[in-house]
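Structural features, examined
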Amino acid sequence: MYNFDFVKPSTVDEAVAALADEDAQALGGGQTLIPTLKQRLAMPSKLVSLKGIEGLDKIFVDRGGNLVIGAAATHAQVAATTDYPALASLAARIGDPAVRNRGTIGGSLANNDPSACYPAGALGSGATIVTNGRSIEADDFFEGLFETALEEGEIITEVRFPIPEKACYMKFIQPASRFPLTAVFVAKFADGVRVAVTGASNDGVFRWSDAEAALNTTFDAGSISELSVDADDMISDIHGSSEYRAHLVKVMTARAVKAAL
Amino acid sequence: MPDINLTLNGQAVSGTVENRTLLVDFLREGLGKTGTHVGCDTGQCGACVVHVDGVSVKSCNVFAVELDGSKVTTIEGMANADGSLGVIQQAFQDHHGLQCGFCTPGMVMTAAALLKENSDPSEAEIREYLDGNICRCTGYHNIVKSIQAAAAEMNASPVAAE
């Protein structure tokens, strides 16, 4: 890989200042970025590690009852929490144990891989992504393949998850990569149901609004049995056709509703 | 180029690295600790697993410079003080948990991480935990048996396993 400058600031302000340089890039756990650098798919002038900022990995429940997860919290740290079991279960199934010990929630959300797990958890929960400068609703955050609402040099500092009455993340893995071939996060709140789908669409994570409307009427897997998913916008590759992924969206949604706790 | 300091298998070590130097390359080429293997170099195969501050990490997927001041344990740190094989290593030998041996350093380090978290894992839990460690020889069967045997040994004589 190309070489780069490296800094490990101890505060968010220092990190933001370090990221002001042209072609500087934030480094979370590096579990996606480092393989990308090895392939010379990116050439940052400087990597700004976010692992040295005190408290950026804290996890707690705030007064409003939200589970607040610091951006540098690893998947293993989130997997060990008990306040929001469906989200802990999602984190516990990302990658493998060694990857979960490095990879961070902030890195995953900022990368917005179309097959990543956390974007479904954040969008399905209606989470708020907090940065050094503002708060962004999950509905406004994800903007397509590897695209987010983050500005150049903007850093995620924490993610606030409202805790639903019931939720489940149902993931159908692609066995070689262990990423979701298609996965669905269903969350039932007092004021409505949210259904977020990852791994399926050419536009990245999305909400399946027809299913949300049906489940708002009756929260039962049978409620979506008459619905169909348009295959036009779905990913098609050697692992599965767009029609297959569209089918999986419905199957995994039904399974998530049945299993929601 | 930055100088870094690590505690490697209980010993203070230091070296000069490029920012882009991966931990595994620092271990193998900088420190001569070649027990840690590079299999895929993409973070998938797990041959390079070491422990950093007590948890398993893929050393091909982390920069050495990120870990300045950390405690690193490699396969060289798994033997007993007298040089004999540690409990997990001995179990792999006794139960034929390896054929070519290339994946074995990572398998042993991952097994050690698992048994630290869960001293009595089920077969399903062992197989799930080995998700990120690929072996192309054994079909995993004897690796699972080795880890079960190591767990039994450690539970039977917790002092001997220390």
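Below is a short write-up of the structure.

Conventions used here
Residues numbered from 1 in each chain as written. Chains lettered and ligands numbered in written order. Predicted model: local features only at pLDDT ≥ 70, side-chain atom pairs only at ≥ 80, totals over all residues. Heavy atoms only, no water. Helix = DSSP H or I, 4+ residues; strand = E, 2+ residues; numbered from the N terminus. Polar contact = N/O pair within 3.5 Å; in protein donor to acceptor, adjacent residues only side chain to side chain. Contact = heavy atoms within 4.5 Å. Buried < 20%, exposed > 50% of the residue type's maximum accessible area, 1.4 Å probe, protein only. Pairing = 2+ DSSP bridges. Salt bridge = Lys/Arg side-chain N within 4 Å of Asp/Glu carboxyl O. Axes fitted to C-alpha atoms, helices over the stretch in contact; angles between N-to-C directions. Parallel < 35°, antiparallel > 145°, perpendicular 65-115°, else oblique. Left-handed = near helix turned anticlockwise from the far one by under 90°. Nonpolar A, V, L, I, M, F, W, Y, C, P; charged D, E, K, R; others polar. Arc of directions from axis to C-beta. Right-handed = clockwise from strand over helix to strand, strands pointing away. Expected span 1.5 Å × (residues − 1).

**Looking at the side chain of Glu154 of chain A**
All names here are of chain A. Mapped onto the elements of the fold, Glu154 is located in the loop between α8 (138–141) and β8 (156–162). A polar contact is formed between the side chain of Glu154 and the side chain of Arg134, at a distance of 2.7 Å. Not counting residues up to four positions away in its chain, the partners in contact with Glu154 are Thr131, Asn132, Arg134, Ile136 and Ala149.

**Topic: the pairing of strand β6 (residues 128–131) of chain A**
Two faces make up the sheet, and in a regular strand the side chains alternate between them. All names here are of chain A. Taking every second residue as pointing to the same face, both faces of β6 are buried, with Thr128 and Val130 on one and Ile129 and Thr131 on the other. Bridge count for β6 against strand β7 (residues 135–137) is three bridges, and the pairing is antiparallel. Looking at the pairing, Thr128 lines up with Glu137 of β7. Where β6 folds back on β7, the antiparallel hairpin that results is connected by three residues.

**Some points on the pattern of salt bridges**
Residue and element names in this part refer to chain A. Throughout the structure, instances matching the rule amount to 15 salt bridges over all chains. In this structure, Lys188 and Glu165 form a salt bridge, with 3.0 Å as the shortest nitrogen-oxygen distance. Here Lys188, found in strand β10 (residues 180–189), pairs with Glu165, found in the loop between β8 and β9 (166–173); they are 23 residues apart in sequence, far enough to count as distant. Classification of Lys188 by relative accessible area gives partly exposed; the value is 23%.

**Digging into the packing of helix α3 (residues 104–117) of chain B against helix α5 (residues 141–156) of chain B**
Residues and elements named next belong to chain B. Across the interface, α3 lies against α5 with an axial gap of 11 Å and an inter-helix angle of 45°. One finds that α3 runs oblique with respect to α5. When the axes of α3 and α5 are compared, the crossing they make is right-handed. Touching Met107, Ala111, Leu114 and Leu115 of α3 are Ile143, Ile147, Ala150, Ala151 and Met154, all from α5. Of the residues contributing to the contact of α3 with α5, the split by class is nine nonpolar, no polar and no charged.

**Some remarks on the sheet that holds strand β2 (residues 11–16) of chain B**
By way of backbone hydrogen bonds, the strands of a sheet pair with one another, either parallel or antiparallel. Residue and element names in this part refer to chain B. If you walk across this open sheet you meet the five strands as β2-β1-β5-β3-β4, and the pairing is mixed. Either end of the sheet is taken by a strand with one partner, and the two such strands are β2 and β4 (55–58). Ignoring strand direction, the axes of neighbouring strands in this sheet form an average angle of 40°. Pairing geometry for strand β1 (residues 3–8) and β2, over six bridges, is antiparallel. Within the sheet, the bridge partner assigned to Leu8 lies in β2 and is Gln11. Across the face of the sheet, helix α1 (residues 23–30) comes into contact with β1, β2 and β3 (49–52) while running at roughly 80° to β1. Running over the sheet, α3 touches β3, β4 and β5 (71–73) and is turned about 40° from β3.

**Topic: helix α9 (residues 209–217) of chain A**
Residue and element names in this part refer to chain A. Every buried residue of α9 is listed here: Ala211, Glu212, Ala214 and Leu215. Relative to the axis of α9, the buried residues are bounded by an arc of 170° and lie together on one face. Considering only its buried residues, α9 is in contact with β11 (192–198), β12 (206–207) and α10 (242–259).

**Some thoughts on the pairing of strand β3 (residues 46–49) of chain A**
Residues and elements named next belong to chain A. Alternating residues of β3 divide into Lys46 and Val48 and Leu47 and Ser49, and every residue in both groups is buried. In the sheet, strand β1 (residues 5–7) pairs with β3 via three bridges, with the strands oriented parallel. Bridge pairing in β3 links Phe6 to Leu47. Sheet analysis places strand β2 (residues 24–27) next to β3, joined by four bridges and oriented parallel. Its bridge partner being in β3, Ala24 is matched across the sheet by Lys46. Running through helix α2 (residues 33–38), the crossover from β2 to the neighbouring parallel element β3 is right-handed.

**What to know about α5 of chain B**
Residue and element names in this part refer to chain B. For α5, spanning 16 residues, the distance from its first C-alpha to its last is 23 Å, which sits close to the expected 22 Å at 1.5 Å a residue. Along α5, the positions that sit buried rather than exposed are Asn142, Ile143, Val144, Ser146, Ile147, Ala150 and Ala151. Turning to α5, the residues buried within the fold contact α2 (87–94), α3 and α4 (123–129).

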